[in-house]
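# Overview (structure and organization)
Next come the chains, spelled out residue by residue.
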Amino acid sequence: MHKIDIDLVEMTMDVMKYTIDRISATEREIGKPKSEFELKSIVGETITTKGIGGEFAFNLWKEHLMKANVPIDHPRHLAFVPAAPTRAAIMFDLVTSASSIHGAYWMEGAGGIFCENEAMHWMVSLTGMPQGAFGVFTSGGTAANLSAMVTAREHWRENDDFRGEKGLIITSIGAHSSIKAMAIVIDADVILVDTEDQLLGTELQKAIDNLTIHQRKRLFAVVATGGTTNAGIIDDLQGIAAVCENENLWFHVDAAYGGGALVADSVRHLFNGIEKADSITIDPHKWMFSPYDCGSVIYKKPELAKKAHSQEGSYLEIFKDEGAHGFNPADYQIQLTRRVRGLPLWFSLATHGTDRYKEAVERGIELAQMAGKIIEELPHVELVREPSLSCVLYRRIGWKPEDYTHWTYENHEKGFALVTPTKWKMGDTFETVSRFCFINPDTTEKDIEMILDSMV
């Protein structure tokens, strides 16, 4: 398997041709899933005792399996939070894999980690956090949020009064699902402030004041959101920061989606207060145009994360030795084994410069405002709320939930677009509505108009 022969050379050329075609393509199919039964009937057995051969397996991928995926960078993929990695970042993702770098410790991955850290310095500068703040790249927002929560809890438990207590976190119902999921992982409880709109400092204070004495003792962290996944809403970061400071609570900002907008002059003021956070999550694979998977967590005091996450073992001692001195990413988040997933971001930033990033993010915000204006002019749709960041919530007048679902599947089946419904709280009930999330600068006004016209 590890020898170099003519088959390997030819297979490498095939892969490079596929990569060149994929990167240089200006139009591509949106793709649609097939059932496991359908895929199995098409490709048959692929894992066998003798192997089916690289050329045959690669052809199965190109002709059948690749087409059962939805490319996240399709300009009419406006569901969930899509992505649009730059071609430079995609190319360097290939280089990253081919380079076989273990990115946990400086001793093994100094060159790659250096590049990651250059990109991280830029990201930290966007937040306005104080001198000494720094971060590390993770597999995504979930791992970043978990790493931050573990750090917060361990710092809280440095006080002997809290060692035997089960932790408690406050966030809003608009927070990302990973907050509740990761709280389960660390065996902490979560109290949700009942607002899907902006979480205000006054509402947070009221929630804290309503806690029992024991609940208040257990409370160790507040999670605010810098751009909710559902609607792009930025919480009252200044007000929440003030409450956290007065109440001596860890202040975490989940800006996994919205953090990319820190580079945009038009909305940067909406994030005021983020510089006071104890930790921040930002996903470069969302609005910083990196390939999956590339999240990050930034700490005001990285030494607290190191105290919480640094692993011990006789086989790891050499990495702590002065001879191997350097920044060790494994010390600041939950993973030991890691690829240098920040490398594609570094290469793209180095290639294009930060001004181009600013332009690309501003384009996403412009597309959302454009969509809002188009919706206001059409008789069959209406805005649910004003666009926020690059998210637009709108309703098709007269539709029921099943109409949105049918429309989504119909457009996807045609290979036209992927736009999915969501729910928005209206009073005491949740209404099914439609949603755009703009990340890809290649999305056009015509794309928006065609999608809305398909709802007639």
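Calculation rules
- Residues numbered from 1 in each chain as written.
- Predicted model: local features only at pLDDT ≥ 70, side-chain atom pairs only at ≥ 80, totals over all residues.
- Heavy atoms only, no water.
- Salt bridge = Lys/Arg side-chain N within 4 Å of Asp/Glu carboxyl O.
- Helix = DSSP H or I, 4+ residues; strand = E, 2+ residues; numbered from the N terminus.
- Buried < 20%, exposed > 50% of the residue type's maximum accessible area, 1.4 Å probe, protein only.
- Pairing = 2+ DSSP bridges.
- Polar contact = N/O pair within 3.5 Å; in protein donor to acceptor, adjacent residues only side chain to side chain.
- Contact = heavy atoms within 4.5 Å.
- 1 Å grid on protein atoms, 1.4 Å probe; cavity = no way out; pocket = protein on both sides within 12 Å on 5 of 7 lines; lining within 4 Å.
- Points joined across faces, edges and corners; volume = space filled by probe spheres on them.
- Right-handed = clockwise from strand over helix to strand, strands pointing away.
- Axes fitted to C-alpha atoms, helices over the stretch in contact; angles between N-to-C directions.
- Nonpolar A, V, L, I, M, F, W, Y, C, P; charged D, E, K, R; others polar.
- Core = buried A, V, L, I, M, F, W, Y, C linked by side-chain atoms within 4.5 Å.

To continue, consider the pattern of salt bridges. Evaluation of the coordinates by the stated rule reveals 27 salt bridges. Lys166 is the partner of Asp189 in a salt bridge, and the nearest nitrogen-oxygen pair spans 3.3 Å. A residue pair is termed long-range when its members are at least 10 positions apart, and Asp189 in strand S3 (residues 189-193) and Lys166 in the loop between helix H6 (141-156) and strand S2 (168-172) qualify at 23 residues. The exposure class assigned to Asp189 is partly exposed, which follows from its relative accessible area of 28%. In this structure, Arg216 and Glu247 form a salt bridge, with 3.1 Å as the shortest nitrogen-oxygen distance. Of this pair, Arg216 sits in helix H9 (residues 213-218) while Glu247 sits in helix H10 (residues 237-247); the two residues are 31 residues apart in sequence, bridging distant segments of the chain. Residue class for Arg216 comes out partly exposed when judged on its relative accessible area of 24%. Salt bridges sharing common partners tie together Lys166, Asp187, Asp189 and Arg218.

A separate point is the pairing of strand S7 (residues 295-299). Both faces of the sheet carry side chains from a regular strand, because those side chains alternate between them. Counting buried positions along S7 gives five out of five residues, so the element sits mostly inside the fold. Burial along S7 is two-sided: Gly295, Val297 and Tyr299 and Ser296 and Ile298, pointing in opposite directions, are all buried. The pairing of strand S1 (residues 134-138) with S7 spans five bridges and is classified as antiparallel. Of the residues in S7, the one forming a bridge with Phe137 is Ser296. Here strand S6 (residues 279-282) pairs with S7 via four bridges, running antiparallel. When the bridges of S7 are listed, Ser279 appears paired with Tyr299.

One can find Ser147 in helix H6. Only 2.8 Å separates the side chain of Ser147 from the backbone oxygen of Ala143, close enough to count as a polar contact. Those residues in contact with Ser147 that sit more than four places away from it in its chain are Val297, Tyr299, His309, Tyr332, Gln333 and Ile334.

The next thing to look at is empty space enclosed by the protein. Overall, the coordinates contain one cavity of 30 Å³ or more when judged by the stated rule. Within this model, the largest cavity holds a volume of roughly 40 Å³. Lining the largest cavity, in full, are Ala148, Met149, Ala152, Ile169, Phe220, Ala221, Val223, Trp250 and His252. Elements with a minimum of two residues in the lining of the largest cavity: H6, strand S4 (219-225) and strand S5 (250-254).

All right, on to the environment of Asp428 then. Counting through the fold element by element, Asp428 comes out in the loop between strand S10 (421-426) and strand S11 (429-437). Residues Asp428 and Gly44, spaced 384 residues apart in sequence, show a C-alpha to C-alpha distance of 50 Å.

A word on the environment of Ser290. Inspection of the secondary structure puts Ser290 in the loop between helix H11 (284-287) and S7. Residue class for Ser290 comes out buried when judged on its relative accessible area of 1%. For the pair Ser290 and Met123, spaced 167 residues apart in sequence, the C-alpha separation works out to 13 Å. Those residues in contact with Ser290 that sit more than four places away from it in its chain are Pro85, Ala89, Pro284, His285 and Leu345.

The next thing to look at is the pairing of S3. One ladder, built from five bridges, connects S2 with S3; its direction is parallel. Bridge pairing in S3 links Ile170 to Ile191. Taken together, S2, helix H7 (residues 177-185) and S3 form a β-α-β motif whose crossover is right-handed.

For any two helices packed against each other, the geometry comes down to the angle between their axes and how far apart the axes lie. In contact at an axis separation of 7 Å, helix H8 (residues 201-209) and H10 are set at 35° when each is read in the N-to-C sense. Contacts between H8 and H10 involve Gly201, Leu204, Gln205 and Ile208 on the former and, on the latter, Gly239, Ile240, Val243 and Glu247. Looking at side-chain class alone, the contact of H8 with H10 contains four nonpolar, three polar and one charged residues.

Counting 90 residues, the largest nonpolar core has Ile169, Ile170, Phe251, Phe271, Ile280 and Trp287 as the members making the most contacts within it. The biggest single contributor to this core is helix H5 (residues 106-127), with eight residues. Trp287 has contacts with Tyr257, Gly258, Gly260, Ala261, Val361, Gly364, Ile365, Leu389, Ser390, Phe438 and Ile439, leaving out every residue within four places of it along the chain. Counting 22 residues, the second largest nonpolar core, distinct from the first, contains Leu78, Ala368, Val392 and Tyr404.

Attention now goes to unusual backbone geometry. The residue after Tyr292, namely Asp293, is reached through a cis peptide bond having omega 0°. As for its position among the elements, Asp293 is in the loop between H11 and S7. Positive phi outside glycine occurs at Asn248, with the angle close to 60°. Mapped onto the fold, Asn248 is located in the loop between H10 and S5. Its relative accessible area of 70% is what places Asn248 among the exposed residues.

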